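Analysis of the macromolecular model
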Amino acid sequence: MTNKITYSNFNRNVPFLQLSMNFNVDTIIPEDNKVRLVCNIVERMDLSSLLSTYPHKGRKPALDPVTFLKILLFCFSEGIFNTRKIEDFCKYDIRGRYLLGERKAPDHTTIYRFQDKITPYVNDLLTQFVEILIKDGHVDLKSLYIDGTKIESVANRYSFVWRKTVEKNQNKLKVKMIEELNLPQESSLSDVISRVRQEFYLISDICSKMKIQFVYGKGRRKSKEQQRYEYFQETKERFETYTKHLEIMGERNSYSKTDHDATFMRMKEDHMLNGQLKPAYNIQLASSGSFIVGVMGSQQPSDMQTLKPFLEQMLISYRGYNIANIVADAGYESTENYVYLNNKKLNSYIKPSNHEIKKKKKTKENIGLKENMMYIESEDVYICKASKRLIRIKDRVRQSKSGFKDTIKAYGCFDCRDCQYSSQCINSRKNLNPDRKIISYSPAFEKYRKESEANVESEVGIEHRLNRSIQAEGAFSKIKDGLGYVRFRHKSMKKIVADTIMVAMGINLNKLHIKILNGQNGVIEYKKTA
């Protein structure tokens, strides 16, 4: 039996031509599609500062910046970050064709150049986006929910430079040069480096005048002048290398050779399971009404030192708006931050670090804590479990890295040896029978902590804590898990902050689109259920 199945001719080399037609994609895109929303948002922005960077004369750009911004904002909201994938989106996605209109799709190089060009303006774009949300009633900026996370840099994980190592090697070389050059023991580092340079230039002139031919390789004996020249050249270069490392590092304790702005930090994502430090940035986000309203990058591993500069940035960006409440977790608690919020007349809703632990039975029964001792205000002394007096001793002033000074009160008892409660009262690993008990605290810190704790435990404070956990922490969940942005793709602080702001604007676009589809109006504030 003969098989009479016929096959279609898939060969395109046919004598006739297929007629190519351009269809109006505007009729295909639904009215409530997100691509129409991004056009509406961008067209409401004032892009004059960005447009001013393009020359009025000469060759026209491959694509106008307004359309470019629409494409980038939409792609970032969809989790498309790679420039080649953005190029494919413009070529083959119907939504990309809608944004382009009749214009030609840009290539990946042009897209990267535009991303680099808008870096100085992205913070202003986010501010304008938020102001549009305020006008439409989605954000009020009355309460800011702040949180931070560490995101790994694109730098090599093993390109570290440590401050302690650099300073140790620099000091060893300094001591060595002092001995070899018979310099005074109290000579400063700059004096030693200056003397090494003089020796190098001196031997360099000698070699030049004597016309000494430098030799290299096996079986060739170097002259004493060449050996001395190379020795001081290497020493001078080592001093210069150490100086350069410390200049790049600034006040940090480390940096990466392949991304000088990245600092080595301990990450939650530990692929080696050994607490390995990785080059990363500390990203701070501020949320309001479930929208991201502020972004800042920091080189400090701790959130404590980021609150003040972040709020300074926010108050400048949203000058004229009534920012009243600052809600943050225990990582931001410090006397400096409390004083700053008080001076700016901002209500503090910072959760104290001991908020949960002080409720435990172990803490309540700890006789070594001053909270569990009796305080006699008239005599300014504490009475311990053994009825001994902890008298006021010399106060000290503690200064933070930013220069903030805080007075620390100290109380001590010097008759604790052979006390029956010493093992419970004094935590000492070195001395099993200590002879003294010292307690110290900051009066200003204790005062502001009580005020913040009262705010946190109020009905309004409980709702603020609930919103912070949903809005601030939820924003990072959307960035890392929702959009898959777990590692930066660029180097330097400016570029990674610009990238994060674009991601934040993409998340805001998604949130706004969902609210419009669901017919939701007003500022989103989550309430505690019964």
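These remarks concern the structure in this document. Please read all numbers here as calculations on a predicted model, not as lab measurements. (Residues numbered from 1 in each chain as written. Predicted model: local features only at pLDDT ≥ 70, side-chain atom pairs only at ≥ 80, totals over all residues. Heavy atoms only, no water.)

**Thoughts on the overall build of the protein**
Condition: Only runs of H or I of at least four residues qualify as helices and only runs of E of at least two qualify as strands under DSSP, and these elements are numbered from the N terminus. The quantity called the radius of gyration is restricted to C-alpha atoms. Its globule counterpart is 2.2 Å times the number of residues to the power 0.38. In what follows, a contact means two residues having at least one pair of non-hydrogen atoms within 4.5 Å. Only four residue types enter the tally: Lys and Arg on the positive side, Asp and Glu on the negative side, with His and both chain ends excluded. Note that the charge is assigned to NZ on lysines, CZ on arginines, CG on aspartates and CD on glutamates.
Scanning the protein from terminus to terminus reveals 17 helices and 14 strands. In terms of overall dimensions, the protein is more spread out than a globule: its C-alpha atoms have a radius of gyration of 32 Å, far above the 24 Å expected for 530 residues. If you line up the protein on its principal axes, its C-alpha atoms span 105 × 90 × 70 Å. Within the protein, contacts between residues separated by at least 24 positions form 66% of all contacts whose residues are at least 6 apart in sequence. Side-chain charges in the protein split into 89 positive and 63 negative, and the spacing between the mean points of these groups amounts to 4 Å.

**Observations concerning the packing of aromatic side chains**
Keep this limit in mind: For Phe, Tyr and Trp, rings pair up if their centres lie within 6.5 Å, where Trp contributes its six-membered ring, and each pair is then called stacked (planes under 30 degrees apart), edge-to-face (over 60) or tilted (otherwise). The buried label goes to any residue with under 20% of its type's maximum accessible area, the exposed label to any with over 50%, and the partly exposed label to all in between, with areas taken from a 1.4 Å probe on protein chains only.
Going through the model one piece at a time under the given rule, you end up with 19 aromatic pairs. On the numbers, 5.2 Å between centres and 35 degrees between planes, the contact of Phe 200 with Tyr 229 is tilted. A residue pair is termed long-range when its members are at least 10 positions apart, and Phe 200 in helix α9 (residues 189-209) and Tyr 229 in helix α10 (residues 224-249) qualify at 29 residues. Given the relative accessible area of 8%, Phe 200 is considered buried.

**Description of the pattern of salt bridges**
Operational definition: Whenever a carboxyl oxygen of Asp or Glu lies within 4 Å of a side-chain nitrogen of Lys or Arg, that contact is scored as a salt bridge.
Throughout the structure, instances matching the rule amount to 31 salt bridges. Here Asp 116 and Lys 495 are joined by a salt bridge, their closest N and O atoms 3.7 Å apart. Of this pair, Asp 116 sits in helix α6 (residues 108-117) while Lys 495 sits in helix α17 (residues 493-518), placing them 379 residues apart in sequence. What makes Asp 116 partly exposed here is its relative accessible area of 39%. Overall, the relative accessible area of 27% leaves Lys 495 in the partly exposed class. If you follow the salt bridges from partner to partner, you end up with Lys 34, Glu 78, Asp 93 and Arg 95 in one network.

**Structural notes on unusual backbone geometry**
In this structure, Lys 211 is a non-glycine residue whose phi angle is positive, near 50 degrees. Counting through the fold element by element, Lys 211 comes out in the loop between α9 and α10. Classification of Lys 211 as exposed rests on a relative accessible area of 74%. A positive phi is found at Ser 290, a non-glycine position, where the angle reads about 70 degrees. Along the chain, Ser 290 turns up in the loop between β5 (277-288) and β6 (291-298). According to the relative accessible area criterion, Ser 290 is buried, its value standing at 12%.

**Structural notes on the pairing of β5**
As a reminder of what qualifies: Strand pairing is assigned whenever DSSP detects at least two bridges linking the two strands.
Of all 12 residues that make up β5, 11 are buried, and the element is covered over most of its length. Note: strand β1 (residues 143-152) against β5, eight bridges, orientation antiparallel. Opposite Ile 146, over in β5, you have Ala 286 as the bridge partner. Relative to β5, strand β4 (residues 263-266) runs antiparallel, the two being bridged by four bridges.

**Topic: a nonpolar patch on the surface**
Spelled out, the test is: For patch building, the residue pool is restricted to those with more than 30% relative accessible area and no salt bridge; the joining distance is 9 Å between like charges and 5 Å between nonpolar side chains (Val, Leu, Ile, Met, Phe, Trp, Tyr). Only the protein chains shown count as cover for residues, with accessible areas throughout obtained via the Shrake-Rupley method and a probe of 1.4 Å.
A cluster of nonpolar side chains, contributed by Tyr 158, Phe 160 and Met 272, occupies part of the molecular surface with about 320 Å² of accessible area. Inspection of the secondary structure assignment puts Met 272 in the loop between β4 and β5. Taking the relative accessible area as the measure of exposure, Met 272 reaches 44% and is therefore partly exposed.

**A few points about α6**
In an α-helix, one full turn covers 3.6 residues, which means residues spaced three or four apart are oriented alike. Put simply, the test is: The arc in question is traced by the directions running from the helix axis to the C-beta atoms.
Among all positions of α6, only Thr 110, Ile 111, Phe 114 and Gln 115 are buried. Seen from one end, α6 has its buried residues packed into an arc of 140 degrees, which puts them on one side.

**Focus: the packing of helix α4 (residues 83-92) against α6**
For the record, the criterion: Working convention: axes come from line fits to C-alpha atoms, limited for helices to the stretch in contact. Angles between N-to-C directions cover 0 to 180 degrees. Convention used here: angles under 35 degrees read as roughly parallel, angles over 145 as roughly antiparallel, angles from 65 to 115 as roughly perpendicular, and any remaining angle as oblique. Two helices cross in a left-handed way if the nearer one is turned anticlockwise from the farther one by less than a right angle. They cross in a right-handed way if the turn is clockwise.
Two numbers describe how α4 lies on α6: the axes approach to 8 Å, and their chain directions differ by 115 degrees. In this view, α4 runs roughly perpendicular relative to α6, as classed from their interaxial angle. Regarding α4 and α6, the two cross each other, and that crossing is right-handed. Between α4 and α6, the contacting residues are Thr 83, Arg 84, Ile 86 and Glu 87 on the first element and His 108, Ile 111, Tyr 112 and Gln 115 on the second.

**Quick word on the packing of helix α15 (residues 443-457) against helix α16 (residues 459-482)**
Which entries qualify depends on this criterion: Each residue is assigned to one class: nonpolar for Ala, Val, Leu, Ile, Met, Phe, Trp, Tyr, Cys and Pro, charged for Asp, Glu, Lys and Arg, and polar for all the others, Gly among them.
Relative orientation of the contacting elements α15 and α16 amounts to 80 degrees, with a least axis distance of 4 Å. By the angle class used here, α15 and α16 are roughly perpendicular. Along its contact with α15, which presents Asn 455, Val 456 and Glu 457, the element α16 presents Glu 459, Gly 461, Ile 462 and Arg 465. Looking at the contact of α15 with α16 residue by residue, the class counts come to two nonpolar, two polar and three charged.

**Looking at α15**
Definition in use: Multiplying 1.5 Å by the residue count of a helix minus one yields the expected span of that helix.
Helix length check: α15 (15 residues) gives 21 Å between terminal C-alpha atoms against 21 Å at 1.5 Å per residue, within 8%. Those residues of α15 lying buried are Phe 445, Glu 446, Tyr 448, Arg 449, Ser 452, Glu 453 and Val 456. Of the surrounding elements, those touching the buried residues of α15 are α12 (335-343), β8 (347-350), β14 (437-441) and α16.

**As for the environment of Tyr 526**
Note on placement: Tyr 526 falls in the segment after α17. When its relative accessible area of 29% is taken as the criterion, Tyr 526 is described as partly exposed. Considered as a pair, Tyr 526 and Gln 424 are 102 residues apart in the sequence and their alpha carbons are 44 Å apart. Ignoring sequence-local partners within four residues, the contact set of Tyr 526 consists of Ser 290, Glu 463, Leu 466, Asn 467, Ile 470, Gln 471 and Lys 511.

**Description of the side chain of Glu 336**
Tracing the sequence through the fold places Glu 336 in helix α12. Judged by its relative accessible area of 16%, Glu 336 falls in the buried class. When sequence neighbours within four positions are dropped, the list of residues in contact with Glu 336 reads Lys 308, Ser 400, Ser 402 and Phe 404.

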